Amino acid sequence: VLAPRRGWVLPGLRQRLVAFPASVRAAPPARFYAAAAKAAKKDSRKTKQEEAKKKPGARRRPLMSKPVDDVYLTWLYERPSYELEEAVGMLKKFQQLDFTHPKQFVYINVFLDMALEKKKKVDPFASVVLLPHRFADDTNKVLVFTENEQEAETARENGAAVVGGVELIKWILEDEIQADFYVAVPAIMPKLIPLRNKLKRKYPSTKRKSMGHDIPKMLQFFREGLEYTVEDECVIKTRIARLEMPTEQIIANLRAVINDICTFKPSTYDPIVKKLVIRSSTSEGLLLNLDGILPEAEKVQEKEEGGEEEKEEGEEEKNAE
């Protein structure tokens, strides 16, 4: 077998290479159909989109109101809502059937409608409410600002965790002293301005009921009060009672929290509470029927008038500063 040697050229191949210059051989072939192909693809996409719009969308089967059998597909039925007293009774029954701890907490998830006129909305807020029936064993840690020795003694007698004057500012700024709530008398407020950015929402003010002359009343409110805050811009999750408490007490605590939440939106708009779910530590959530739970418009109007009085007191507070 004769192997080809390097440098051999087949007959006629040299002539072909000479006939076409290197510049011509390197140039890619022209594709005159590329632009037309792209235009055709665009046209086909448009036609497909138009056809898809013309086709009627798949109609979802309407949800049925109430299942007939004990076993059913939940996604085929509307989520049932319960009366408040009925739902609390169900939670107690779940605890008995599951043999769970009777002292477990009862929680509520409140879904809010924060919308106002046009694009405005209610800003996320935090508040403290004094429940009619206490359920927590521990109390909140409250710090009292005062330079009056008699007021300081009254604060200590009523359970204040820390009592002092301007000497506490340095320790608070350095995080050496921390408390759940901060209470002050009006006379010391001008000296507490360096703490405004540090304490933020917990900075003493008349609007938040943390500034005044009645130290025992403020201490009771903040030591035993329940604090809640808006999460994810429209949800409040908080505990309200223990499951072992009587049904009437659980309902009273829930109404106290809901009434306080409703004061943050004017009654001229839609109710701020859009959906309300109650559950225990070990049970599923039960959707509540809002009829009879939300406060009447007249009561909310009275609270709004009270808010105007607080604004006037706030102006007096600013003048004091």
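Note that this is a predicted model, so its numbers are computed, not measured. (Residues numbered from 1 in each chain as written. Predicted model: local features only at pLDDT ≥ 70, side-chain atom pairs only at ≥ 80, totals over all residues. Heavy atoms only, no water.)

## As for the environment of Glu167
Here is step 1 of the chain: Structurally, Glu167 can be placed in helix 6 (residues 167-173).
Here is step 2 of the chain: At a separation of 2.9 Å, a polar atom in the side chain of Glu167 contacts the main-chain amide nitrogen of Gly165. (Helix = DSSP H or I, 4+ residues; strand = E, 2+ residues; numbered from the N terminus. Polar contact = N/O pair within 3.5 Å; in protein donor to acceptor, adjacent residues only side chain to side chain.)

## Re the packing of aromatic side chains
Here is step 1 of the chain: This structure, assessed with the given rule, holds six aromatic pairs.
Here is step 2 of the chain: Through a chain of ring-to-ring contacts, three or more aromatic side chains come together here, namely Phe105, Tyr107 and Phe135.
Here is step 3 of the chain: The ring of Trp171 is capped by Lys170, whose NZ or CZ atom sits 5.9 Å from the centre of that ring. (Phe/Tyr/Trp six-rings, centres within 6.5 Å; stacked < 30°, edge-to-face > 60°. Lys NZ or Arg CZ within 6 Å of the ring centre and 35° of its normal.)

## Remarks on the environment of Ala256
Here is step 1 of the chain: Following the sequence through the fold, Ala256 ends up in helix 9 (residues 247-262).
Here is step 2 of the chain: Counting along the chain gives 125 residues from Ala256 to Leu131, while the straight-line C-alpha distance between them is 6.3 Å.
Here is step 3 of the chain: Setting aside chain neighbours within four positions, we find Ala256 in contact with Val129, Leu131 and Pro132. (Contact = heavy atoms within 4.5 Å.)

## Regarding the confidence of the model for the protein
Here is step 1 of the chain: Across the protein, the average pLDDT comes to 83, with 74% of residues at 70 or higher.
Here is step 2 of the chain: Below pLDDT 50 for its whole length, residues 298-304 participates in eleven contacts with residues either more than four positions away or in separate chains. (pLDDT = per-residue confidence, 0-100.)

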